[in-house]
Amino acid sequence: MTYTMDDLTQEVLDRIATSIRKDALPKPDYMEAWTEEFVKRVHAVIDMFDENYEIVTKAKLADQMTQMFERMATNLKTAGTRKRWELRDAKRNHQGIEITQLEIDKIEEQLENMRSQYYMIIHAYRTMRYNVRPKVVSDSGLNWGSYTPIEELPKVRRQRYAKNNLTIQDYMNDDKQFWRNAREAALVEIPQEEKESFA
C-alpha cells in the first residue's frame, strides 16, 4: 500500500514502525520447529540402542551428547572472548584508513557469526539437558541424579575426596594417581616450577 504525505498520520507511522520491528524479530515458529526436529532426531539416534542390555548405553549417550554441546558452547564462549579482545586491539590500532577498517569489519562479522553459533549451540545444550536427557534417563529406569555442569565438576570432585578422604592405601596403590587426585581436589597445590612446565 502506498501513502501520500497527507496519509502519514501518527497512527499510520506507528503501524509502519510496528510492522518493521516485527519483521526484524526472529521467527519463533522457526525455533519451535527446529527444536521439535532436533529432539526427534536425537531420540532417533538414542533409540537405535533398543535392546535390553543397551539401556545403560542409551543413558550414557544422552549424558555424553549433553556434555558435548556444553563443551562446544564453552569453547565458543572462550573463542568469542578472544575475538572481542582482538576487536578491541584492532580498534585501538585503527588509523582511519580503509585497510584497518576492513580488518575491524572482518572481525565484527566473525564475532556476529560466533554469536549466532553460540545461540544455536546453547539452545541445543539446554534442550538436551532439560528435555532429552531427563526423559531418556527416566525411561531407562536408572537413577543418575541431576546433570552436573562441567564448571561444577572440580567442586564435586573436591567434595567427594573430602568426604571419602584420600588414604595411605590410595598412595600405596598408585602414588602418581594419588597426587593427581589430590591436585584435582585442590587438597594440595602444584609447585610453581611444575605449573610452568604444565603451561
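See the structure above.
Residues numbered from 1 in each chain as written. Predicted model: local features only at pLDDT ≥ 70, side-chain atom pairs only at ≥ 80, totals over all residues. Heavy atoms only, no water.

A. Quick look at the overall build of the protein. In terms of regular secondary structure, the protein is built from eight helices and zero strands. When its helices and strands are written in sequence order, the protein yields α-α-α-α-α-α-α-α. Across the 199 residues of the protein, 23% fall into the buried class. Sequence separation of 24 or more characterises 62% of the internal contacts of the protein that already satisfy a separation of 6 or more. Counting every atom, the protein has about 15200 Å² of accessible surface; 53% of that belongs to carbon and sulfur. (Helix = DSSP H or I, 4+ residues; strand = E, 2+ residues; numbered from the N terminus. Buried < 20%, exposed > 50% of the residue type's maximum accessible area, 1.4 Å probe, protein only. Contact = heavy atoms within 4.5 Å. Areas by Shrake-Rupley, 256 points an atom, 1.4 Å probe, with all protein chains shown as cover.)

B. Examining helix α4 (residues 98–140) more closely. Over its 43 residues, α4 runs 60 Å from end to end, which matches the ideal 63 Å to within 8%, given 1.5 Å per residue. At Met-128, α4 is bent by approximately 40°, the largest bend along its length. Looking one or two residues beyond α4, the residue adopting positive phi is Gly-141, at roughly 80°. (Expected span 1.5 Å × (residues − 1). Bend = angle between axes of the 7 residues up to and from the residue.)

C. Molecular detail of the environment of Ala-59. On the secondary structure map, Ala-59 appears in helix α3 (residues 55–92). Looking at Ala-59, the relative accessible area reads 0%, which means it is buried. As a C-alpha pair, Ala-59 and Ser-138 span 79 residues in sequence and 8.9 Å in three-dimensional space. Setting aside chain neighbours within four positions, we find Ala-59 in contact with Val-136, Val-137, Ser-140, Leu-142 and Trp-144.

D. Quick peek at the side chain of Thr-100. Take Thr-100: it is sitting in helix α4. Using a relative accessible area of 19% as the deciding quantity, one classes Thr-100 as buried. Here the side chain of Thr-100 touches Gln-95 through a polar contact of 3.4 Å, landing on its backbone nitrogen. At 3.0 Å, the side chain of Thr-100 forms a polar contact with the backbone oxygen of Ile-97. Excluding residues that lie within four positions of it along the chain, Thr-100 makes contacts with Asn-93, His-94 and Gln-95. (Polar contact = N/O pair within 3.5 Å; in protein donor to acceptor, adjacent residues only side chain to side chain.)

E. Geometry of the pattern of salt bridges. If you walk through the whole model with that rule in mind, you get nine salt bridges. Note that Arg-133 and Asp-63 form a salt bridge whose closest N and O atoms lie 2.5 Å from each other. Here Arg-133, found in helix α4, pairs with Asp-63, found in helix α3; they are 70 residues apart in sequence, far enough to count as distant. Here Glu-108 ties to Lys-91 by a salt bridge, and the two come within 3.8 Å at their closest N and O atoms. Taken together, the positions of Glu-108 in helix α4 and Lys-91 in helix α3 put the pair 17 residues apart, joining distant regions of the chain. One continuous salt-bridge network, built from bridges that share partners, spans Glu-37, Lys-40 and Arg-41. (Salt bridge = Lys/Arg side-chain N within 4 Å of Asp/Glu carboxyl O.)

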